[in-house]
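If you want the building blocks of each chain, they are given just below.
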Amino acid sequence: TLGGTIHVSIGIAGNGRVTSASVNRRTWGGAGASAVESCVLGKIRNWRFPGSSAGDGVYSFPFNFTR
């Protein structure tokens, strides 16, 4: 029954490794919301991005879920 958007801040190191992930805004709530957010954050923490000479950075991404 969840539907809405979570905005996730993702810290990415210059080598492309995810250093942090956290939900910084959400438009949903209720039964199952925290479990879904924990699952999404766990998956994101295992992502790898291409390396960049720009160095470390923190980026915000919206994830939209529909019912």
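Below or above, wherever it landed, is the structure these notes cover. The shown structure was predicted, so the numbers you read here are calculated from the model rather than taken from an experiment. Starting from 1, residues in each chain are numbered consecutively following that chain's sequence as written. It should be noted that, the model being predicted, local features are given only for residues of pLDDT at least 70 and side-chain atom pairs only at 80 or more, the latter also being counted only at that level, while totals for whole chains, interfaces and linings use all residues. To obtain the side-chain values, all non-hydrogen atoms of the structure were included, while hydrogens and water were left out.

## Concerning the overall build of the protein chain
Under the scheme used here, helices are H or I runs from DSSP no shorter than 4 residues and strands are E runs no shorter than 2 residues, and both carry numbers assigned from the N terminus. Within the protein chain one finds one helix and three strands. By residue count, 36% of the 67 residues in the protein chain fall in the buried class. Should any heavy atoms of two residues lie within 4.5 Å, those residues are counted as being in contact. The long-range share in the protein chain, meaning contacts at least 24 apart out of those at least 6 apart in sequence, stands at 66%. Per-residue and other accessible areas follow the Shrake-Rupley method at a 1.4 Å probe size, with only the shown protein chains counted as cover for residues. For the protein chain, the computed accessible surface area is about 4,300 Å², with 53% contributed by carbon and sulfur atoms. Partly exposed describes any residue whose relative accessible area lies between the buried limit of under 20% and the exposed limit of over 50%, with all areas from a 1.4 Å probe on protein chains only and scaled to the type maximum.

## Focus on the sheet that holds strand β1 (residues 4–12)
Across the sheet, three strands lie side by side as β2-β1-β3; this open sheet has antiparallel pairing. The sheet is open, and its two edges are formed by β2 (18–26) and β3 (57–65), each paired on a single side. Along the sheet, successive strands turn relative to each other by an average axial angle of 25 degrees, direction set aside. Two strands pair if DSSP finds at least two bridges between them. Alignment of β1 against β2, held across seven bridges, turns out to be antiparallel. Residue pairing in the sheet places Ile 6 in a bridge with Arg 26 of β2. In this description, a line fitted to the C-alpha atoms serves as the axis of each element, helices being fitted only across the stretch in contact, and the angle between N-to-C directions of two axes falls anywhere from 0 to 180 degrees. Where helix α1 (residues 33–45) meets the sheet, its contacts fall on β1, β2 and β3, and the angle it forms with β2 comes to roughly 150 degrees.

## Details of the side chain of Ser 9
Residue placement: Ser 9 occurs in strand β1. Judged by its relative accessible area of 16%, Ser 9 is buried. Whenever two N or O atoms come within 3.5 Å, that pair is a polar contact, provided that in protein one can donate a hydrogen and the other can accept it, and provided that, for residues adjacent in sequence, both atoms are side-chain atoms. Within the structure, the side chain of Ser 9 is placed 2.4 Å from the side chain of Asn 24, a separation counted as a polar contact. Beyond its immediate chain neighbours, meaning those up to four positions away, Ser 9 contacts Ser 20, Ala 21, Ser 22, Asn 24, Val 58, Tyr 59 and Ser 60.

## Let's talk about the packing of aromatic side chains
Between the rings of Phe, Tyr and Trp (Trp by its six-membered ring), a pair exists once the centres lie within 6.5 Å; its type follows the angle of the planes, with under 30 degrees stacked, over 60 edge-to-face, and the other angles tilted. Under the counting rule described, the total for this entry stands at three aromatic pairs. By the ring-pair criterion, three or more aromatic residues cluster together here, those being Trp 47, Phe 49 and Phe 63.

## Focus on the nonpolar core
Working definition of a nonpolar core: buried Ala, Val, Leu, Ile, Met, Phe, Trp, Tyr and Cys residues. They are joined through side-chain atoms within 4.5 Å. Ranked by size, the top nonpolar core spans 13 residues in total, and within it Ile 6, Val 8, Ile 10 and Ile 44 carry the most contacts. What Val 8 contacts, discounting residues up to four positions off in sequence, is Ala 21, Ser 22, Val 23, Asn 24, Leu 41, Ile 44, Tyr 59, Ser 60, Phe 61 and Phe 63.

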